[in-house]
Amino acid sequence: MSRIPSLTAIPAALALALSGATAHAQDHAQEAPRPDLEGVWTNASRTPMSRPRGIDRLVVNAEEAARIVEQMAIAGISAENVEAGPAIDPETGAPPEGAYDFGLRGYNLFWVDPGSTLAYVKGEFRTSLIIDPPSGRIPRLETPRVELNRANFGARYLTGVGDASGPEAIPISERCLIGFGNTAGPGMMGTLYNSSYQFVQTDDYVVISVEMAHDARIIPIHASAAEARANPRPAPHQPWFGDSRGWYEDGALYVETVNINALQMSESSVPITPDGRIVERFERHSDTEIVYRFTVEDENLYSQPWTAELSYHAMDGDIYEYACHEGNYSMPGILAGARIQEVEAELGPGLQE
């Protein structure tokens, strides 16, 4: 059974935002029963969004799931070195230029927590989060109608090369504007670590506090889908995580999100344009499990709507503040390095003195 923390467990800034928002909430009675989603949960798993090549089934048994996990490496991290991790000797200096293997980077691996099993949903081990289409893969258009600028996203992680000429060129997650890995969604998924969430429900709002980067989704609750869709935020608003509005139906929480910030989604694992929409469904499956499903619709990028499903599992603990780049110490170094590169490009290496 999960431990249900009180509202006082929410960080002060989030509690103030919630109380301020509630003052402006619509005064309406809920017309449908609401599921109890409150508590602290995790959606960490080793299951990727799209089904890996060579695997043709969504559901596998426990032995097959364990074998698949043994063969996996997330971002160069295997199950073995997550446990042990190479020790980093501070006397050896910086790793070689361009090195990507985590054994050569400036971190030990005690902080890595991507989950130890495949996604476990309603008693089944899943090989992909995508359940529709049946292939388990995103139905991308061969020629998208809108080009998302993703050149700098991913390249800096895969090759170690990316644009760092100014703060705006650096990916938003590295600037700590929002968390990386789509943990806050919409389309909320686990990532390399900090895949923990706290759900708080009031009569008029659902608040989802996300450990990664200390994000928070504050979702107004309406009496019906029709009422939710009739009360959008002004179109010029482009909030992080989009314009989300919820309602209760069939014993579940539904959340529809539109007008998703294009800058956010250019770096998302669920890319979508502001014209698209995402519909999420949260259902309390048992005392220890919330089944979470989201459907993505965007004719600019996809040949058909597609749906992913995963579960949140109860945790006995609290959500702690994620102090991303506390004090922003890294930004001066990043920008200084970019200035040195500019001088070297103009004068040649070693001539900047």
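In the block above lies the structure referred to throughout.
Here the structure is a predicted model, which means the values were calculated and not measured. (Residues numbered from 1 in each chain as written. Predicted model: local features only at pLDDT ≥ 70, side-chain atom pairs only at ≥ 80, totals over all residues. Heavy atoms only, no water.)

Within the protein chain, the regular secondary structure consists of seven helices and 13 strands. Each of the 353 residues in the protein chain was classed as buried or not, and the buried ones make up 43%. By sequence separation, contacts in the protein chain at least 24 residues apart represent 66% of the contacts at least 6 residues apart. Accessible surface, the protein chain as shown: approximately 17,900 Å² in total, 53% of it carbon and sulfur. (Helix = DSSP H or I, 4+ residues; strand = E, 2+ residues; numbered from the N terminus. Buried < 20%, exposed > 50% of the residue type's maximum accessible area, 1.4 Å probe, protein only. Contact = heavy atoms within 4.5 Å. Areas by Shrake-Rupley, 256 points an atom, 1.4 Å probe, with all protein chains shown as cover.)

Positionally, N259 belongs in the loop between β10 (252-258) and α6 (262-265). The exposure class of N259 is buried, given its relative accessible area of 15%. Polar contacts involving the side chain of N259 include one to the main-chain carbonyl oxygen of A235, which spans 3.2 Å. Polar contacts involving the side chain of N259 include one to the main-chain carbonyl oxygen of H237, which spans 2.4 Å. Apart from residues lying up to four places away in sequence, N259 is in contact with P234, A235, H237, Q238, G242, D243, P274 and G276. (Polar contact = N/O pair within 3.5 Å; in protein donor to acceptor, adjacent residues only side chain to side chain.)

Here we come to the environment of Q341. Among the secondary structure elements, Q341 is positioned in helix α7 (residues 330-347). With 176 residues separating them in the primary sequence, Q341 and S165 have C-alpha atoms 9.2 Å apart.

Attention shifts here to empty space enclosed by the protein. This model, assessed by the stated rule, comprises one cavity of 30 Å³ or more. Approximately 110 Å³ is the volume attributed to the largest cavity. Lining of the largest cavity is provided by 15 residues; of these, I178, G179, F180, N182 and E267 occupy positions nearest its centre. Across the lining of the largest cavity, the residue classes break down as six nonpolar, eight polar and one charged. (1 Å grid on protein atoms, 1.4 Å probe; cavity = no way out; pocket = protein on both sides within 12 Å on 5 of 7 lines; lining within 4 Å. Points joined across faces, edges and corners; volume = space filled by probe spheres on them. Nonpolar A, V, L, I, M, F, W, Y, C, P; charged D, E, K, R; others polar.)

Quick look at the sheet that holds strand β4 (residues 124-126) now. What links the strands of a sheet is backbone hydrogen bonding, and the strands pair in either a parallel or an antiparallel sense. Spatial ordering of the open sheet is given by β2-β4-β3, a layout of three strands whose pairing is antiparallel. Sheet topology places β2 (59-60) and β3 (119-121) at the edges, where each strand pairs with a single neighbour. Sheet topology note: the β3/β4 ladder contains three bridges and is antiparallel. Considered in β4, the bridge of A119 is made with R126. (Pairing = 2+ DSSP bridges.)

Below, the discussion takes up the pattern of salt bridges. With the rule as written, the count across this model stands at 14 salt bridges. R126 is paired through a salt bridge with E309; the nearest N and O atoms lie 3.0 Å apart. Taken together, the positions of R126 in strand β4 and E309 in strand β13 (residues 306-314) put the pair 183 residues apart, joining distant regions of the chain. Residue classification places R126 among the buried positions, given a relative accessible area of 4%. The class of E309 is buried, set by a relative accessible area of 3%. Salt-bridge contacts for E256 lead to R277; the nearest nitrogen and oxygen are separated by 2.6 Å. Highlighted residues: E256 in strand β10 and R277 in strand β11 (residues 277-286), separated in sequence by 21 residues. With a relative accessible area of 25%, R277 lands in the partly exposed category. Residues joined by salt bridges that share partners form a network here, namely K122, E124, R126, R293 and E309. (Salt bridge = Lys/Arg side-chain N within 4 Å of Asp/Glu carboxyl O.)

This paragraph deals with the environment of I278. Mapped onto the elements, I278 comes out in strand β11. Residue class for I278 comes out buried when judged on its relative accessible area of 0%. Through-space distance from the C-alpha of I278 to that of T295 is 5.6 Å; in sequence the pair is 17 residues apart. Discounting chain neighbours no more than four positions away, the residues touching I278 are P186, G187, V255, E256, T257, I260, V270, I272, F294, T295 and V296.

A word on unusual backbone geometry. Between D132 and P133 the backbone carries a cis peptide bond, its omega angle lying at 10°. Within the secondary structure, P133 is located in the loop between β5 (130-132) and α4 (155-158). Residue G185 is joined to P186 through a cis peptide bond whose omega torsion reads 5°. Counting through the fold element by element, P186 comes out in the loop between α4 and β6 (196-201).

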